[in-house]
Amino acid sequence: MKILAIDTSTSVMGVALLDENKVYAEVITNLKKNHSIRLMPIIDQLFHEVNWLPNDIDLIAVAKGPGSYTGVRIGVTTAKTFAWALHIPLVGVSTLEALAYEHYHFMGYISPIIDARRGQVYTGLYQSNDNRWENVGQDRIILLSDWVDVVREKKDKVLFIGDDVTLHREKIEQAMGEAAVFSYPAFQFPRPSIIGMLGEKRMESGKIDNTFDFTPAYLQLAEAEVKWLEKQKG
Amino acid sequence: MISWKKEMDLNKSQRNNRKLDGPINILGIETSCDETSVAVVQDGERILSNVISSQIDIHKRFGGVVPEVASRKHVEGINFILQEALEKADLKLDDIHAIAVTYGPGLIGALLVGIAAAKAIAFAKRIPLIGVHHIAGHIYANHLVKPLQYPLIALVVSGGHTELVYMEDHLQFEVLGQTRDDAAGEAYDKVARAIQLPYPGGPHIDRLAQKGIPSIPLPRALMDDSFDFSFSGLKSAVVNKLHNAEQKGETLNKEDVAASFQESVVDVLVTKTIRAVDEKRVKHVILAGGVAANQGLRSRLKEKSVELGFDLTIPPLALCTDNAAMIASVGYFSYLKGDWSDLDLNGIAGLPLPKDK
Ligand SMILES: [Zn+2]
């Protein structure tokens, strides 16, 4: 099964081509550069190098967020329109899950972190139990200070992963002490090959997304909506 | 396999040596503001479908378009609208020759959704991608009514722009003048708010103006040799008059305020258009953009066209507001010219009209 995986949901841009559990190509940049300009030329180049045509693709996997609103829309719109144009299935994968999955073998809980400003983070809780990968704490936006209280309750080691962990590392260490574990720079960003792999698993278990309805997981309302709702309450 | 880019370059060079046979179908995509629209247009003039999904009801409660909300809605709707446009045109994606998409000016987040969709289709189906300027689109809305005759003067007025454009031939735009501050439509919305009319205010002011008398003296800005416009002073003058009246315990008749404001706007727009017609010696004037629906502006331009003997084209309402058919029409001429875009096409919020494109 030939898979195209795309991620533009954070400052990381990733594209991967996979087939039969083999990663043929993977490009990752971790730059705050324009995803809109760079995404499609890189996809074109990878197809050319791997010698595939768009028609060969059987599945599109895309990072659905959370992350940058504008960024995630570029990847999601590209992916769902590509799937629509070629009549192939689409699977969305949580950016946080992709980030966590790199540490599949970690014994304990995994908390992927994407900064959401004003002391907030996008995060969730993942764990592999007897080789079964599980999402044990839903993706959410939460104040980091509240989140450390939540995970401390688990009374187990928690691995914090993501480029943005550095922004909060001090606070995490203060709150959690020895229970907090940190990752390495090479594993700090979501990899598109993992998004492709997780996408394939989802598809095999029949969990494909509806191409038409599919939208990013923003995890929060637009600011104008929040203000409007507050005004209604009076 | 050769890359998409190489293949397009080859297509382009081969096209130049070959006569085009059969009709050319262009799929247009427009998401620059709060309308998600997809259209299929044949040979730049025949609309096979033009699906427009307006978000106006969603933005009404905010009193204006909220960019983040608009961008989210575009992503939610884009594939439904693509599908509907193909079905209404009774075509398959394989029947499409090229994808045309608005790449500016407009709300950047909103533009990027349309552009991402356009690129994905162009790449997946290995067909050309064509970036189109939104104002060029408004002008070409007229080509869908009646073939453009050159040279011409186009007056483009909408919520986002006020421009006077001279054209000698297809895709050759010379901007004679534009607004130095607010767009005409923007001034309409602001004045409407000042007299407590709902958003969007343009149609309401137009309706009230028909019943009122333009009895309140208001300024006409930049009535010198310049073709540029300015409407923010006029808007402030209206607000001041309302304020002064209120302080004196008087109330101005809303209909008269609307009529006086509209009179001033129409006066400036028409006077400058006529002077451009005269200076450039053209026989054809076209009106474009959302404000082209305005009755006051339409009837004054019609009077002048009879009096001075020039042809006037005003598109029907559905083609005045943002739509993808107008983008596909421009796309057709760019397609013929080989003026194609690369996959690095980006959205540009403040894109100027290309002089010779
Ligand atoms: Zn417009």
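Before any of the text, the structure's been laid out above.
Residues numbered from 1 in each chain as written. Chains lettered and ligands numbered in written order. Predicted model: local features only at pLDDT ≥ 70, side-chain atom pairs only at ≥ 80, totals over all residues. Heavy atoms only, no water.

Peer 1: Explain the overall build of chain B residue by residue, including any values.
Peer 2: Within chain B, the secondary structure is distributed over 12 helices and 10 strands. The C-alpha atoms of chain B give 21 Å as radius of gyration, which agrees with the globular expectation for 357 residues (21 Å, within 12%). Counting only C-alpha atoms, chain B reaches 80 × 45 × 30 Å along its principal axes. In chain B, which comprises 357 residues, the proportion classed as buried is 59%. Here the analysis covers contacts within chain B between residues at least 6 apart in sequence; of these, 74% occur between residues at least 24 apart. Roughly 14100 Å² of accessible area belongs to chain B as shown, and the carbon and sulfur atoms make up 49% of that amount. Charged side chains in chain B number 39 positive and 44 negative. The centres of these two groups are separated by 1 Å. (Helix = DSSP H or I, 4+ residues; strand = E, 2+ residues; numbered from the N terminus. Rg over C-alpha atoms; globule rule 2.2 N^0.38 Å. Buried < 20%, exposed > 50% of the residue type's maximum accessible area, 1.4 Å probe, protein only. Contact = heavy atoms within 4.5 Å. Areas by Shrake-Rupley, 256 points an atom, 1.4 Å probe, with all protein chains shown as cover. Lys, Arg positive; Asp, Glu negative; His and termini not counted. Charge placed at Lys NZ, Arg CZ, Asp CG, Glu CD.)

Peer 1: Break down unusual backbone geometry for me, with residues and values.
Peer 2: With omega at 5°, the peptide bond leading from A:Gly65 into A:Pro66 counts as cis. Along the chain, the position of A:Pro66 falls in the loop between β4 (59-63) and α2 (69-86). Cis geometry is adopted by the peptide bond preceding B:Pro151, which originates at B:Tyr150 and carries an omega value of -5°. Position of B:Pro151 relative to the elements: it lies in the loop between α5 (134-140) and β6 (152-157). The phi dihedral of A:Asn21 is positive, around 60°, even though this residue is not glycine. For A:Asn21, the position within the fold is in the loop between β2 (12-19) and β3 (22-30). Assessed through its relative accessible area of 68%, A:Asn21 is described here as exposed. Phi at B:Leu171 takes a positive value of approximately 65°, unusual for a residue other than glycine. Residue B:Leu171 is classed as buried on the basis of its relative accessible area of 3%.

Peer 1: Give me the lowdown on the sheet that holds strand β1 (residues 2-7) of chain A, citing residues and values where you can.
Peer 2: Residues and elements named next belong to chain A. Here 5 strands make up an open sheet; going across it, the order is β3-β2-β1-β4-β5 and the pairing mixed. With partners counted over all chains shown, the strands left at the sheet margins are β3 and β5 (90-93), one partner each. Strand after strand, the sheet turns through a mean of 15° between neighbouring axes, direction not considered. With 4 bridges connecting them, β4 and β5 associate as parallel partners. The partner of Ala 61 across the bridge, within β5, is Val 91. Of the strands in this sheet, β1, β2 and β3 are in contact with helix α1 (residues 35-50), which crosses β2 at around 25°. (Pairing = 2+ DSSP bridges. Axes fitted to C-alpha atoms, helices over the stretch in contact; angles between N-to-C directions.)

Peer 1: So, the interface of chain A and chain B: which residues are in play, and what are the values?
Peer 2: Tallying the contact residues gives 39 residues for chain A and 37 residues for chain B. Taking both sides of the interface into account, the surface hidden between chain A and chain B amounts to around 3400 Å²; carbon and sulfur atoms contribute 67%. The interface formed by chain A and chain B contains 2 salt bridges. Taken together, the connections running from chain A to chain B amount to 10 residue pairs in polar contact (both at pLDDT 80 or more). (Buried area = accessible area lost by both parts, 1.4 Å probe. Salt bridge = Lys/Arg side-chain N within 4 Å of Asp/Glu carboxyl O. Polar contact = N/O pair within 3.5 Å; in protein donor to acceptor, adjacent residues only side chain to side chain.)

Peer 1: Quick one: what's the story with the pairing of strand β7 (residues 120-129) of chain A, residue by residue and with numbers?
Peer 2: Residue and element names in this part refer to chain A. With respect to burial, β7 is a largely interior element, 8 of its 10 residues being buried. When strand β6 (residues 109-115) meets β7, the two strands line up antiparallel, connected through 4 bridges. The residue bridging Asp 115 from the neighbouring strand is Val 121, located in β7. Linking β6 back to β7 in an antiparallel pair, the connection comprises 4 residues, with Arg 117 at a positive phi of about 65°. Here β7 runs beside strand β8 (residues 132-143); their pairing, made up of 9 bridges, is antiparallel. Counterpart to Gln 127 in the pairing with β8 is Glu 134.

Such coordinate-based values are descriptive only and should not be taken to indicate function.
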